[in-house]
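Residue-level structural notes
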Amino acid sequence: MTDHYFTDEPAAPSRRRVIEFAVAGRSFRLLTDSGVFSAHRLDLGTSVLLRKASLPTTPGTYLDLGCGYGPIACVLASMAPGSTVYAVDTNSRARELTQQNANTLRIADQVVVAAPDEVPDDVRFDEIWSNPPIRIGKQALHALLEQWLSRLTPDGVAWLVVARNLGSDSLHEWLKEQGWDAQRWASQKGFRVLRVQPGKAAQ
């Protein structure tokens, strides 16, 4: 049976490789492996998110939700020295890769790799970044977003990327219905980047 990338303990045989990509003029070389999301290359959605959303440059507390092997977490920590970036994933192999990549890039002091239930309850985030796992189903996705978006600071912002053919516009409407200030920030290559902030009903 094939593992899903959101499997807690992937059973797929390890097949490690290195991928390369660039963000804002910086080059990154990260280790990936089978059994994690988009192991062969930086996936297109994440690429669009990192290109179109506003990357932070000042210290803060950030969350990479569904971090995979860590491309978003590594970019955030590199772009905003002094920040604390929580890299959260249910997949144990993904967490191990993220830790190794942070070590290689010498940003391990900024990156906190954790399973979802390992993040302290009192931590609040200035920014949340996510290419959310749409394929877990709408109900589970909504529960996931409700859980983590509620941990934004009052002035915090979440950046989400979703394929248009996988329901980006319906997700945008749902977020607004829940009281969030959700905007369609950018579109590229079939993906929509959503910018989400606490609205009056969510504060």
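Presented here is an overview of the structure given in this document. Everything quoted here is computed from the prediction, not taken from an experiment.

Some thoughts on the packing of helix α4 (residues 138–149) against helix α5 (residues 168–177)
For the pair α4 and α5, interaxial distance at closest approach is 12 Å and the crossing angle is 50 degrees. In terms of orientation, α4 lies oblique with respect to α5. For the element pair α4 and α5, the recorded crossing hand is right-handed. Here L141, H142, L145, E146 and L149 of α4 come into contact with α5, specifically with L171, W174 and L175. Counted by class, the contact of α4 with α5 contains six nonpolar, one polar and one charged residues.

A closer look at the sheet that holds strand β8 (residues 180–188)
What the seven strands build is an open sheet, ordered β5-β4-β3-β6-β7-β9-β8; its pairing is mixed. With one partner strand each, in any of the chains shown, β5 (111–114) and β8 form the two edges of the open sheet. Along the sheet, successive strands turn relative to each other by an average axial angle of 15 degrees, direction set aside. Here strand β3 (residues 61–65) pairs with strand β6 (residues 125–130) via four bridges, running parallel. Bridging from a neighbouring strand, L63 pairs with I128 of β6.

Examining the side chain of S78
With respect to the secondary-structure elements, S78 resides in helix α2 (residues 71–79). Note on S78: relative accessible area 14%, which makes it buried. Residues in contact with S78, not counting those within four places in the same chain, are R26, F28 and I107.

What counts and how
Residues numbered from 1 in each chain as written. Predicted model: local features only at pLDDT ≥ 70, side-chain atom pairs only at ≥ 80, totals over all residues. Heavy atoms only, no water. Axes fitted to C-alpha atoms, helices over the stretch in contact; angles between N-to-C directions. Helix = DSSP H or I, 4+ residues; strand = E, 2+ residues; numbered from the N terminus. Parallel < 35°, antiparallel > 145°, perpendicular 65-115°, else oblique. Left-handed = near helix turned anticlockwise from the far one by under 90°. Contact = heavy atoms within 4.5 Å. Nonpolar A, V, L, I, M, F, W, Y, C, P; charged D, E, K, R; others polar. Pairing = 2+ DSSP bridges. Buried < 20%, exposed > 50% of the residue type's maximum accessible area, 1.4 Å probe, protein only.

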